[in-house]
Amino acid sequence: MEKRLIKKDVLAGIIGRIAGDMNLFAPVLDEDNVLFEPVKDGNTALANYKNTKNAPKAFFFPRSETLMRYARKEKGMEFAGLGEEAGQAVLFGVRPCDARSFALLDLLFDQEKYKDPYYIDKRGKTTVVAMSCTKPPYSTCFCTSVGGSPTSADGADILLTDLGDAYLAEFLTDKGAALLKYFGDVKADAAADKKKEEIAAASAGEIKTTIPAREIKAFLDANFEHPFWDTIHRKCLACGTCTFMCPTCHCFDIQDEVKGADGKRIRNWDSCMFPLFTKETSGHNPRPTQKERWRQRFMHKFRYYVDMFGPIACVGCGRCVMSCPVNIDIRKIAQDISKL
Amino acid sequence: MQNPYVPIPVVVSKIITEVDTKDIKTFRLSFLNKEDEEKFQYIPGQFAELSVFGKGESPIGIASSPTQKGYIEFTVQKAGQVTSFLHEMEEGTHMGVRGPLGNSWPIEFLEGKNIVVVGGGFAFTTLRSLINYMIHEDNRKRFGNITVIYGARNPGLLIYKDELKEWEKRSDLNMNVTVDKGDATWKGREGFVPAVCKEVAPSSDNAVAVICGPPIMIRFTLPVFFDLKFSKENILTSLEMRMKCGIGKCGRCNVGHKYVCKDGPVFSLAELDQLTKEY
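Residues numbered from 1 in each chain as written. Chains lettered and ligands numbered in written order. Predicted model: local features only at pLDDT ≥ 70, side-chain atom pairs only at ≥ 80, totals over all residues.

Draft legend 1. Seen up close, the nonpolar core. Ala130(A) and Val210(B) are the most contacted members of the largest nonpolar core, which has 167 residues in total. If you tally residues by element for this core, the top one is helix α9 (residues 290–309) of chain A, at eight residues. Sequence-distant contacts of Ala130(A), defined by excluding residues within four places in its chain, comprise Val94(A), Pro96(A), Ala99(A), Ala153(A), Ala156(A), Leu159(A) and Leu160(A). (Core = buried A, V, L, I, M, F, W, Y, C linked by C-beta atoms within 7 Å. Buried ≥ 20, exposed ≤ 12 C-beta atoms within 10 Å, placed from the backbone. Helix = DSSP H or I, 4+ residues; strand = E, 2+ residues; numbered from the N terminus. Contact = placed C-beta atoms within 7 Å.)

Dropping the structure here:
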């Protein structure tokens, strides 16, 4: 693996040069929010930020995406081509939790059978440059409880770590190595590796919250029916914000839209929190109340995904905890379950 | 990479109104491109997304058998947006099909065994596919005795009426068609499906029961088969859930960690016992 040391004052120049050659998205201050936006036309990548308000999953799995277009012909609507193809892009400054969400989504969208060509196309054309958290940005961070760490390289092509006086750049994949020329030629030495290890340990140690994410699996396996499930959903408004903000939530709806003689089939983010999500035409709904929907959301992350793929479908970013309007806290649910 | 979201173009080559109430029709679809027909290799029990541009898609079991060449058939009840639109369609209309999707009736498992097919009402479509597959001259020897118990609320609601008559003439098929309540012209059997199952009392010896029907029928039919000593491994059924993608991604048809669209729709009762009760 190639490793480079980059003086701190040259990073902005590196970002600028890459952005000059291709679409580069980085955390940018947009009013009061930090969002992933294109670095061009006066938009500058932030050097210091906690994390972006929204998870970057939308780059591979957009909120709304055209799957195909069709046109009205004499004998009915006929296929008229796919949606737009994605271009090459660089996502710069992705936090390790969010980069890990890509690795988790890969498991679903890039299975051996039934590959999702839209996701795979964008994922393949995008280089992910992750930025280690040398200090966990929020009190709600809990990546270390769900298989991640503030310096995890999962899902990233390049990992940058702030060593104080310079950045250590680790080129983890071929896609990452293709950007090597932008990063100068100062090779990282063993001292840099050692420093990174120290930072990694210190940063992980600063994470305040731990949750028994693996430990509760046995309870979840045995207790699909349990009085506990009657307690967590009561204040839920079914607004879907948690699933909207979540880096790993990936449920979608498919809808047709027609304008005149042209139509398109689009997919939109959907949410297991919504009553209509599983409601059948007959009126039957296998998840009739918010209780079953909450159980599904929690079980999907901590039991079903584990059964299907191994990892927990949560990266510990804390967005759902911070954005829930009624303060439902997934960390507390896990902790409460472990006491049952 | 094959795009699993793009439907295969087909033409509606025949429409058959199945029932007196006219809200169940069978659509025969023929492929517009010959190579698509060759690629569409399916097994009884699988389903496909019927795709009407402008309206959307609806997951429907394949009602034809792969032994019927040149077309595929779907029997559809008029219910929501897509199926209502289908019911308004005329022969010659172009539409799309995405599939085949899902697992299937486990043909290899069924081979060499006596097969009891139990259907109720409109949930007889993939059972019809299975029956036509098993009784085809190339396949009949591969299966033991075949018993069919099929019921509807009244004679007018039986689907595949002509085919039922043909099947009743066969000596290698034990047909038991019943209606909850007959009418002036009905000369056949009257009685609910569970009661008829009890009466026919198929032996569980080297036998598998394949059961599809409305939940109320299933609930009362299963105890009959338990009494006949059918094991849960040897009772199969097919689940229905709301679906969109059909390929285990969109996240709405899961029962526990199994997706009905790709791990199902066919499950044995033994398998269902391992799953959460959420369907």
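Draft legend 2. Summary view of the sheet that holds strand β3 (residues 47–52) of chain B. Residue and element names in this part refer to chain B. An order of β4-β3-β6-β1-β2-β5 is seen for the six strands of this open sheet, with the pairing classed as antiparallel. The sheet is open, and its two edges are formed by β4 (56–61) and β5 (72–77), each paired on a single side. Adjacent strand axes in the sheet meet at a mean angle of 40°, parallel and antiparallel pairs treated alike. Judged from the seven bridges that link them, strand β1 (residues 8–17) and strand β2 (residues 24–31) form a sheet pairing that is antiparallel. Residue pairing for β2: Ile-15 is matched across the bridge by Phe-27. (Pairing = 2+ DSSP bridges. Axes fitted to C-alpha atoms, helices over the stretch in contact; angles between N-to-C directions.)

Draft legend 3. Structural context of the domain arrangement of chain B. Residue and element names in this part refer to chain B. Domain annotation of chain B identifies domain 1 (8–101) and domain 2 (107–238). Each of domain 1 and domain 2 has a C-alpha centre, and these two points are 24 Å apart. When the residues that make up the side of domain 1 that touches domain 2 are grouped by side-chain class, the tally is seven nonpolar, eight polar and two charged. (Domains from an automatic or database assignment. Nonpolar A, V, L, I, M, F, W, Y, C, P; charged D, E, K, R; others polar.)

Draft legend 4. Up close: the sheet that holds strand β2 (residues 23–30) of chain A. Residue and element names in this part refer to chain A. Spatially, β1-β9-β8-β7-β6-β2-β3 is the arrangement adopted by the seven strands of the open sheet, whose pairing is mixed. The sheet is open, and its two borders are formed by β1 (2–7) and β3 (33–38), each paired with just one other strand. Strand-to-strand twist in this sheet, taken as the mean axis angle between neighbours without regard to direction, amounts to 25°. Judged from the five bridges that link them, strand β8 (residues 158–162) and strand β9 (residues 166–171) form a sheet pairing that is antiparallel.

Draft legend 5. Geometry of the pairing of β3(A). Residue and element names in this part refer to chain A. Summarising the sheet, β2 and β3 pair through six bridges and their orientation is antiparallel. Directly across from Leu-29, in β3, lies its bridge partner Val-34. The hairpin turn running from β2 into β3, its antiparallel successor, is two residues long, and Glu-31 in that turn takes a positive phi close to 50°.

Draft legend 6. Seen up close, the domain arrangement of chain A. Residue and element names in this part refer to chain A. Domain parsing of chain A yields domain 1 (2–205) and domain 2 (217–338). Here the C-alpha centroids of domain 1 and domain 2 sit 25 Å apart. Tallying the contact residues gives 33 residues for domain 1 and 27 residues for domain 2. Class assignment for the residues of the side of domain 1 that touches domain 2 results in 17 nonpolar, nine polar and seven charged.

Draft legend 7. Main features of the interface of chain A and chain B. Listed per partner, the contact involves 37 residues of chain A and 34 residues of chain B. When contributions to the side of chain A that touches chain B are tallied by element, the ones reaching two or more residues are β4 (64–73), β5 (76–82), α2 (96–109), β10 (252–259) and α9 of chain A. For the side of chain A that touches chain B, the class distribution of residues is 19 nonpolar, seven polar and eleven charged.

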